[in-house]
Amino acid sequence: MKSIKRDLVIIGGGPAGLAAAVAAKEFGCPDVLLIERDRILGGILNQCIHDGFGLHRFEESLTGPEYAQRYIDEFNRLGVDAMMGTIVLSLDRERNLLVSSRKGFTKIEAGAIVLSMGCRERTAGAIQIPGTRPSGIYTAGAAQNFINLQNIMVGKQVVILGSGDIGMIMARRMTLEGAKVESVFEILPYAGGLARNIQQCLNDYDIPLHLSTSVIELHGKSRLSGVTVANMDENFLPLPGSERHIPCDTLLLSVGLIPENELSHRAHVTMAPATGGAGVDDIFMTSVPGIFSCGNVLHVHDLVDHVSEEAALAGQFAAQFLEGGIPSPDSHINIVPKQGVRYTLPQHVSGLRDFTLSLRVTEPLKDRAVWVRDGDRKVARKKMVRLHPAEMIRVKIKGEKLQNTRTLEVSVE
Ligand SMILES: Cc1cc2nc3c(=O)[nH]c(=O)nc-3n(C[C@H](O)[C@H](O)[C@H](O)COP(=O)(O)OP(=O)(O)OC[C@H]3O[C@@H](n4cnc5c(N)ncnc54)[C@H](O)[C@@H]3O)c2cc1C
């Protein structure tokens, strides 16, 4: 088996991997290798042919492929090395990788690694809806791939379960392709995706969104013929008497994303249960020295612009790590989510530099402030009119405010 040594290896060629590679190369890292299992760069953006990407990063509304192309052009201009059609099969704590391609297996010894493997969708199996097992049930992303990349229409009469962004985008896409989208059903009492997608993908096309409602049974033999839906109580149990039958030949599921962290587990990276990704510090380094993480594999983002921004920092810090240019802090400052906060990222920081704190709230709220405190001392406060679990909140924190700090508590009040 072939065996090679490389300085920086980036796993995954989506927007996170591309931004990390470009930033590392621009920082001056001479040897950057990106490994992508697909035959093209760009990751999930290749199938997102709707616009709305890049409003923050480029102040333009781009399609997914257009956004990706900006980074691919930069990647090519800088001459970054890529192994395409190559999957990383394993990774250990010493940063040894085993990769497989048509040419066979290769062992790679890396000086530093950036994990940017993205995430996959939760499937019908994961949510176990009772009933028959006919064809016609897809994850929203799989349907998007069939329609946008393979020119295959997946159905005519559609029900969508879950009001995440992908589900809403597919409600509009299916309508534009001539299907009848009956309704979007959401088990929670509030929508799972961005407000702009509720307006642009559902309201503008008269597609009803039913909250606190879920699919409780599937019907059909070889092909789906309908679903039973019911209103849900506060314990997510069907309310007796609220059941109704909706005829349909297609059910699209938009019921959550799972960060693809199998390699992180293999490398014994400490995980953060609240995000499903690695626990990281303010340089995006995991618990394993020299292994960094960014993008959707770290935590699920709503905007790709933020993926690129975080990943560029991860790539730059990984390049700095290779030079031995990152001073180790004497101790870490833990960041603890409190009232109203589902998770924070990073989970701990050095206090040596400024950083952006990302967080999500537990429920929709209005006219509140995000507080970041060291005991009774205010470190940062951000007033907000509208707070929603679907929208990541970002708060800039100054490193100079963290002298002698042991713990930062983050709450919404
Ligand atoms: C359907 C959909 C619609 C969206 N719409 C919007 C929108 O309108 N606006 C917006 O801003 N954002 C949107 N997003 C979000 C945005 O696309 C993501 O935040 C972004 O793509 C995440 O980037 P990533 O690089 O972390 O992951 P990905 O894009 O998923 O890339 C991960 C890459 O890693 C590769 N990989 C994984 N494992 C391995 C391995 N073991 N070996 C080699 N390669 C591997 C994969 O093949 C993939 O190419 C949407 C996302 C989806 C799914």
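What you see is a predicted model; the values in this text were computed from it and never measured.

Parameters and conventions
Residues numbered from 1 in each chain as written. Predicted model: local features only at pLDDT ≥ 70, side-chain atom pairs only at ≥ 80, totals over all residues. Domains from an automatic or database assignment. Core = buried A, V, L, I, M, F, W, Y, C linked by C-beta atoms within 7 Å. Buried ≥ 20, exposed ≤ 12 C-beta atoms within 10 Å, placed from the backbone. Helix = DSSP H or I, 4+ residues; strand = E, 2+ residues; numbered from the N terminus. Contact = placed C-beta atoms within 7 Å. Axes fitted to C-alpha atoms, helices over the stretch in contact; angles between N-to-C directions. Parallel < 35°, antiparallel > 145°, perpendicular 65-115°, else oblique. Left-handed = near helix turned anticlockwise from the far one by under 90°.

Here we come to the domain arrangement of the protein chain. For the protein chain, the assigned domains are domain 1 (1–121 + 258–326), domain 2 (123–255) and domain 3 (329–413). Placing a centre on the C-alpha atoms of domain 2 and another on those of domain 3 gives a separation of 35 Å.

Counting residues in each nonpolar core, the largest one holds 83 residues, and the members touching the most others are Leu8, Ala20, Ala21, Phe292, Ala314 and Ala318. In terms of residue count, the dominant contributor to this core is helix 8 (residues 304–322) (11 residues). Mapped onto the domain boundaries, this core takes at least three residues apiece from domain 1 (1–121 + 258–326) and domain 3 (329–413). Apart from residues no more than four positions distant in its own chain, Phe292 is found in contact with Ala112, Ile113, Val114, Leu115, Phe284, Met285, Thr286, Ala314, Phe317 and Ala318. Val154, Leu161, Met168 and Val215 belong to the second-largest nonpolar core, a separate cluster that totals 38 residues.

All right, on to the packing of helix 1 (residues 15–27) against helix 8 then. When two helices pack together, you describe them by how their axes are tilted relative to each other and by the distance separating the axes. The contact between helix 1 and helix 8 brings their axes to 7 Å, and the two run at 40°. Accordingly, the angle class assigned to the pair helix 1 and helix 8 is oblique. The element helix 1 and its partner helix 8 pack so that their crossing is right-handed. Facing Pro15, Ala16, Ala19, Ala20, Ala21, Ala23, Ala24 and Phe27 of helix 1, the residues of helix 8 in contact are Val304, Val307, Ser308, Ala311, Ala312, Ala314, Gly315, Gln316, Ala318, Ala319 and Gln320.

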